[in-house]
Amino acid sequence: MPLVAFVSPKGGVGKTTLAANVAALLAARGRDVLALDLDPQNALRLHLGRSLREEDGFLSGLSRGAAWHTALRPTSYGISLLPFGAVEPRQAMELGRLLTDRPEALSGPVREMLADARRIIVVDTPPGPSPALSALLPLLDLPVVVLLADGGSASLIPRIADGSFLGRGTMATRVAGQAVLALNQVEVDQPLSSAVLDMARTSMGSRLLGVIGRDLAVAEGLADRRLPVEMHGTRAAEDLALLAEALLGRLGPPALPPHHSLLQDWAGRQ
Ligand SMILES: Nc1ncnc2c1ncn2[C@@H]1O[C@H](COP(=O)(O)OP(=O)(O)O)[C@@H](O)[C@H]1O
Ligand SMILES: [Mg+2]
């Protein structure tokens, strides 16, 4: 526990970028982090420094019934990564059907991953609704919605604020009601960007988790195979650190190791 997912009605808003950087920051603060990629684009592994040539993955192996831990890959950030795996579009659609018919094919293994109380699972998702995200809704603790500070995103903020962006179902509404917002690529000196930021502050209140400025260092970092959070002194690194701190604040302190109990503390003092 817990399960945090970077989600959005839109693509290209920074879900993968934010998921990778926040996962790295949480690991740097000593948390046990597992990064899980649910997007067939299979891009999270690239942000986390794994090779482009690597094809194996967790989701791509689900239909074969492969055990989840065989897909785990280490990263230089101390994060354990479950890449999606390389798939053809047809395989991605088949996987979608499998998860629609049998959501437990995904929720079962993720429940096992969550059994370690100290672990934080950071999930990257494809844009919009997906069978994979639906399968995990009952397990999700914190959806972090990512939007850009532009006109297209502004029109979506009311649906994030009222909790209807995941649909009208009971579980979707419950989970969406807990969603927090990360507004990405903000440019405070641009009137539209700053107006969207004001709207997000008014609509979301304390559920505006973080604001990340538009920073060329983000794209340059990806080309250099470095995370923006490693580029100290950049605006992106500072904003992402604040986002990770705010997220940790929401999650609270790490759970005690499972074997730890007050009774053991007491016994230890005798
Ligand atoms: N704060 C930012 N400043 C500048 N560029 C950014 C920022 N966040 C993301 N980007 C760029 O935007 C593009 C889309 O980001 P990505 O994380 O792939 O979005 P998504 O996962 O939502 O599709 C990438 O090229 C990324 O480098
Ligand atoms: Mg992505």
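Small disclaimer: the values here were computed from a predicted structure and weren't measured.

J.: Just checking my understanding: could you explain the pairing of strand β1 (residues 3–7) for this structure?
T.: Regular strands place side chains that alternate from one sheet face to the opposite one. Within β1, 5 of the 5 residues are buried, which leaves the element mostly enclosed by the surrounding structure. Neither face of β1 is open: one carries L3, A5 and V7, the other V4 and F6, and all of them are buried. As judged from the 4 bridges shared by β1 and strand β5 (residues 119–124), these two strands associate in the parallel manner. By the bridge assignment for β5, F6 is matched with D124. The sheet contact formed by β1 and strand β6 (residues 142–148) spans 4 bridges and is parallel. Bridged to A5 within β6 is P143.

J.: Just to check I follow, could you spell out helix α10 (residues 216–224) for this structure?
T.: Along an α-helix, residues three or four positions apart point the same way, because every turn accommodates 3.6 residues. In this structure D215 caps α10, since a side-chain oxygen of it lies 2.9 Å from the backbone nitrogen of A217. Immediately beyond the C-terminal end of α10, within one or two residues, lies R225, with a positive phi of roughly 60°.

J.: Before we go on, may I ask you to explain the nonpolar core in this structure?
T.: Grouped burial of nonpolar side chains is what soluble globular proteins tend to show. Core analysis: the biggest nonpolar cluster contains 50 residues, and L36, F58, L59, L106 and V110 have the highest contact counts within it. The leading source of residues in this core is helix α4 (residues 104–114), at 5 residues. Among residues more than four places away in sequence, those in contact with L59 are L36, D37, L38, P83, F84, L95, L99 and L106. In this structure, A19, L81, I120 and V146 belong to the second largest nonpolar core, which totals 37 residues.

J.: Honestly, the site of ligand 1 in this entry has me stumped. Any pointers?
T.: As a matter of local geometry, ligand 1 sits amid 15 residues, with G12, G14, K15, T16 and T17 nearest to it. Take V13: an N or O atom from its main chain is 3.0 Å from an oxygen atom of ligand 1. The contact in question runs from a nitrogen atom of ligand 1 to an N or O atom on the backbone of G213, over 3.0 Å. Protein burial of ligand 1: of its 570 Å² of free accessible surface, 78% is covered by the chains. When atom positions are compared with the pocket grids, ligand 1 is found to occupy the largest pocket. Sorting the residues of the shell around ligand 1 by element identifies α1 (15–28), β7 (180–186), β8 (208–213) and α10 as the ones contributing at least two each. For the shell around ligand 1, the element with the highest residue contribution is α1, accounting for 3 residues. Among the residues forming the shell around ligand 1, the class breakdown is 4 nonpolar, 8 polar and 3 charged.

J.: What am I meant to see in the side chain of D239 here?
T.: With respect to the helices, strands and loops of the structure, D239 is situated in helix α11 (residues 235–251). Buried within the structure, D239 lacks any salt-bridge partner; R235 is the closest side chain of opposite charge, at an N-O distance of 5.2 Å. In contact with D239, not counting residues within four places along its chain, are V211, I212 and G213.

J.: Just to check I follow, could you spell out helix α9 (residues 191–204) for this structure?
T.: Taking 1.5 Å per residue, 14 residues should reach 20 Å; α9 reaches 20 Å between its end C-alpha atoms and fits that length. All of the buried residues along α9 are S193, V196, L197, A200 and M204. The buried residues of α9 occupy one face: seen down the axis, they fall within an arc of 105°. For α9, the exposed residues set more than 90 degrees away from the buried face come down to P191 and T202. Looking at the buried residues of α9, the elements they touch are β6, α6 (151–154), α7 (157–161), β7 and β8. Looking one or two places after α9, you find G205, whose phi comes out positive at around 55°.

Conventions used here
Residues numbered from 1 in each chain as written. Chains lettered and ligands numbered in written order. Predicted model: local features only at pLDDT ≥ 70, side-chain atom pairs only at ≥ 80, totals over all residues. Heavy atoms only, no water. Buried < 20%, exposed > 50% of the residue type's maximum accessible area, 1.4 Å probe, protein only. Helix = DSSP H or I, 4+ residues; strand = E, 2+ residues; numbered from the N terminus. Pairing = 2+ DSSP bridges. Polar contact = N/O pair within 3.5 Å; in protein donor to acceptor, adjacent residues only side chain to side chain. Core = buried A, V, L, I, M, F, W, Y, C linked by side-chain atoms within 4.5 Å. Contact = heavy atoms within 4.5 Å. Near = heavy atom within 4 Å. Areas by Shrake-Rupley, 256 points an atom, 1.4 Å probe, with all protein chains shown as cover. 1 Å grid on protein atoms, 1.4 Å probe; cavity = no way out; pocket = protein on both sides within 12 Å on 5 of 7 lines; lining within 4 Å. Sits in = over half its atoms within 2 Å of the grid points. Nonpolar A, V, L, I, M, F, W, Y, C, P; charged D, E, K, R; others polar. Lys, Arg positive; Asp, Glu negative; His and termini not counted. Salt bridge = Lys/Arg side-chain N within 4 Å of Asp/Glu carboxyl O. Expected span 1.5 Å × (residues − 1). Arc of directions from axis to C-beta.

All quantities given are derived from atomic positions and should not be read as evidence of function.
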